[in-house]
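Coordinates in review
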Amino acid sequence: MSAAYRQRGHEMDPAAVTEIYTLLTACGEDFVLCVIDIDGVPVASGCLITGEAGILFYSAGMRQPETRAVAGYFNAAYYLPIEFGYARGARRLLLGPTAVQTKLLRGARVNPVISAVPRACVPLARLLAATDGHLRRQLESLRA
């Protein structure tokens, strides 16, 4: 992931990238990393968060120009998540959101969105509560 930041002109230490993705550690075994490699060297990755019936594609990282030789983005962002989803019996692949900080660094504005979650969907409600809390803390830290 730090290579992906570097390619966009934003130098990021791997430890800082890890800190950005601390939300994913709260997902435990529901976090899956898809890695595309060439001769054992990673050139693309995709972060997934799995649920009961769906998979959220969270973000992607690429090492250019090597990833082009193996269509790294499409394999990490679409094909591997789809294959993984089929194997788990998931019926949906949700694409987004990508890293909030990356979007903010590019000038994005954050507007609150209200979502209604059915009470019976406890895993989604828990995930949304966790992501909401994390995003609010992240935004507050960026304002400081």
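Heads up: these notes are all about the structure in this document. (Residues numbered from 1 in each chain as written. Predicted model: local features only at pLDDT ≥ 70, side-chain atom pairs only at ≥ 80, totals over all residues. Heavy atoms only, no water.)

The final tally for this structure, using the stated rule, is 1 salt bridge. Put simply, R136 and D132 hold a salt bridge, and the shortest N to O gap is 2.8 Å. Taken together, the positions of R136 and D132, both in helix 6 (residues 122-143) and 4 residues apart, correspond to about one turn of that helix. (Salt bridge = Lys/Arg side-chain N within 4 Å of Asp/Glu carboxyl O. Helix = DSSP H or I, 4+ residues; strand = E, 2+ residues; numbered from the N terminus.)

The subject of this paragraph is the state of the cysteines. Going through the model one piece at a time under the given rule, you end up with 0 disulfides. Not engaged in a disulfide, the cysteine C34 finds its nearest cysteine sulfur in C47; these two sulfurs lie 8.7 Å apart. On the accessibility criterion, C34 (6% relative accessible area) is buried. (Disulfide = S-S within 2.5 Å. Buried < 20%, exposed > 50% of the residue type's maximum accessible area, 1.4 Å probe, protein only.)

Next up on the list: the environment of A71. Within the secondary structure, A71 sits in the loop between strand 3 (54-62) and helix 4 (72-88). Residue A71 is classed as partly exposed on the basis of its relative accessible area of 37%. With 28 residues separating them in the primary sequence, A71 and V43 have C-alpha atoms 9.8 Å apart.

Mapping T50 onto the fold places it in strand 2 (residues 41-50). If we ignore the near neighbours within four places in the chain, the residues touching T50 are E29, D30, V32, I55, F84 and R88. (Contact = heavy atoms within 4.5 Å.)

What follows deals with the packing of aromatic side chains. This structure, assessed with the given rule, holds 3 aromatic pairs. Arranged with centres 5.9 Å apart and planes meeting at 75°, the rings of Y73 and Y78 form a pair that is edge-to-face. Residue classification places Y73 among the partly exposed positions, given a relative accessible area of 36%. Judged by its relative accessible area of 28%, Y78 falls in the partly exposed class. Joined through ring pairs, the aromatic side chains of Y73, F74 and Y78 make up one cluster. (Phe/Tyr/Trp six-rings, centres within 6.5 Å; stacked < 30°, edge-to-face > 60°.)

What follows deals with unusual backbone geometry. The peptide bond linking Q64 to P65 adopts the cis configuration, its omega dihedral lying at 0°. Structurally, the position occupied by P65 is in the loop between strand 3 and helix 4. A positive phi is found at D39, a non-glycine position, where the angle reads about 50°. Looking at the secondary structure, you find D39 in the loop between strand 1 (31-38) and strand 2. With relative accessibility at 77%, the residue D39 sits in the exposed group. Even without being glycine, A71 reaches a positive phi, approximately 50°.

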